[in-house]
Amino acid sequence: MSHESSDEEFEKLEPTLQNVLDQKSLHWIFVGGKGGVGKTTTSCSLAVQLSKVRDSVLLISTDPAHNLSDAFGQKFSKEATLVEGFTNLYAMEIDPTSSIQEMLDQSEQQGGGAMGAMMQDLAFAIPGVDEAMGFAEVMKQVKTMEYSVIIFDTAPTGHTLRFLSFPSVLEKALAKISQLSGRFGPMFQQMSGMMGLNANQEDMFGKLEGMRAIITEVNNQFKDPEKTTFICVCISEFLSLYETERMIQELTTYQIDTHNIVVNQLLFPRKDSNCEQCLVRHRMQRKYLDQIYDLYEDFHIVLMPLLTKEIRGTQDIREFSEMLVKPYVPPDDLLMDVSQ
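Residues numbered from 1 in each chain as written. Predicted model: local features only at pLDDT ≥ 70, side-chain atom pairs only at ≥ 80, totals over all residues. Heavy atoms only, no water.

With that settled, consider the UniProt feature "binding site: ATP" (unreviewed entry) in the protein. Under the feature "binding site: ATP" (unreviewed entry), the UniProt entry names Lys34, Gly35, Gly36, Val37, Gly38, Lys39, Thr40, Thr41, Glu237 and Asn264. Relative to the helices and strands, glycine 36 is located in the loop between strand 1 (28-32) and helix 3 (39-53). Position of lysine 39 relative to the elements: it lies in helix 3. A relative accessible area of 6% means that lysine 39 is categorised as buried. (UniProt positions renumbered as here; feature names shortened; annotations may be inferred. Helix = DSSP H or I, 4+ residues; strand = E, 2+ residues; numbered from the N terminus. Buried < 20%, exposed > 50% of the residue type's maximum accessible area, 1.4 Å probe, protein only.)

Here it is in structure tokens:
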């Protein structure tokens, strides 16, 4: 479809994330993209802007690299912590795989018995169960928190949407344990009784069922465009564009709303620039930016410039975040025209 035939139709979509700030019904916002495209900076910046218009904001990193602490220059942990300089913005960094290990350790301390340990081993034989249970523990914790909006700074694309398959993963684990309990339960109970052990396969079954219920409920909310949206972050290069297209197709398959793309690290060389690398890279970025406009005419496409400094600390993030809601306009002596 050419720009000429559709410019008028899609002209209304501003090149900003103001639409996200205006949608007060949103409760879950995911920010995702390929590694190294400025995902964490974007999610931190969005959180700062949301803190101006919402009662309370929670920013959660599920990326094992945990860049939130580096971005804000403040140490965060698995407990929600108030971000310095704010009264209503909190952040936490979680690792689902460590959550499950803690749960197992706790189960052992409470005397889960040989049966419980056996059932846990059997459950983990099913791929993804440990991650699903870790995610359920996190969601159980988050659900008890009263935040207006929760932003997820997600792991790189390959892991971004795996949590959406967790209900079916736990269904398999429940079916397996049910089958084994039916077949071997009486024998194990008899042996456990003789050895004075606590046979608690029902506890394990109940725990898994509770987790499945939590994840199913949350995943249903994720598919509601009134409550959830996914913001794609990319740079204007082939691999990033390819990854973004794949991610948007996957989001569509899972029925998750997405209508915003943030394009980071754009170069705006001066008109009199003699920097060959800058000019060549600018032309390359322009080519892929044109493709982004062609592919995503019904998206808000937010253009963010490559800065001459790193974005580190609250003040830098505050300044950068302004460009998410007020389109960046290059000075007159800069080469790149971003008007579409």
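The next subject is the pairing of strand 7 (residues 260-266). Taking burial as the measure, the seven residues of strand 7 include six buried ones, the bulk of the element. As judged from the five bridges shared by strand 6 (residues 228-235) and strand 7, these two strands associate in the parallel manner. The partner of valine 233 across the bridge, within strand 7, is valine 262. Read from strand 6 through helix 11 (residues 238-253) to strand 7, the crossover connection turns out right-handed. (Pairing = 2+ DSSP bridges. Right-handed = clockwise from strand over helix to strand, strands pointing away.)

Another point: the pairing of strand 2 (residues 57-61). Along strand 2, five of the five residues are buried, which leaves the element largely enclosed by surrounding structure. Burial along strand 2 is two-sided: Val57, Leu59 and Ser61 and Leu58 and Ile60, pointing in opposite directions, are all buried. Both strand 2 and strand 4 (residues 89-93) contribute to a ladder of five bridges, which runs parallel. Among the inter-strand pairings, serine 61 is bridged to a residue of strand 4, identified as glutamate 93.

Let us now look at the sheet that holds strand 5 (residues 149-153). What the eight strands build is an open sheet, ordered 3-4-2-5-1-6-7-8; its pairing is mixed. Each edge of the open sheet carries a strand with a single partner, namely strand 3 (81-82) and strand 8 (300-305). Relative to strand 4, strand 3 is paired through two bridges, and the arrangement is antiparallel. In the sheet register, leucine 82 faces strand 4, and the bridge partner there is tyrosine 90. Its contacts with the sheet put helix 12 (residues 276-295) on strand 6, strand 7 and strand 8, and the angle it makes with strand 7 is roughly 175°. Here helix 13 (residues 314-325) sits on the sheet in contact with strand 7 and strand 8, set at roughly 145° to strand 8. (Contact = heavy atoms within 4.5 Å. Axes fitted to C-alpha atoms, helices over the stretch in contact; angles between N-to-C directions.)

Below, the discussion takes up the pattern of salt bridges. In total, this model carries 10 salt bridges according to the counting rule given. Between lysine 39 and aspartate 153 there is a salt bridge, with the nearest N and O atoms lying 4.0 Å from each other. Of this pair, lysine 39 sits in helix 3 while aspartate 153 sits in strand 5, and the two are 114 residues apart along the sequence. Between arginine 286 and aspartate 290 there is a salt bridge whose closest N-O contact spans 3.2 Å. A residue pair is termed a helical-turn pair when its members lie 3 or 4 positions apart in one helix, as arginine 286 and aspartate 290 do in helix 12 at four residues. Connected through shared salt-bridge partners, Lys52, Glu322 and Lys326 make up one network. (Salt bridge = Lys/Arg side-chain N within 4 Å of Asp/Glu carboxyl O.)

In this section: the packing of aromatic side chains. This model, assessed by the stated rule, comprises 10 aromatic pairs. Measuring from ring centre to ring centre gives 4.8 Å for phenylalanine 30 and phenylalanine 152, while their planes differ by 10°; the resulting arrangement is stacked. Here phenylalanine 152 lies in strand 5 and phenylalanine 30 lies in strand 1, a separation of 122 residues in the sequence. Given a relative accessible area of 3%, phenylalanine 30 falls into the buried group. (Phe/Tyr/Trp six-rings, centres within 6.5 Å; stacked < 30°, edge-to-face > 60°.)

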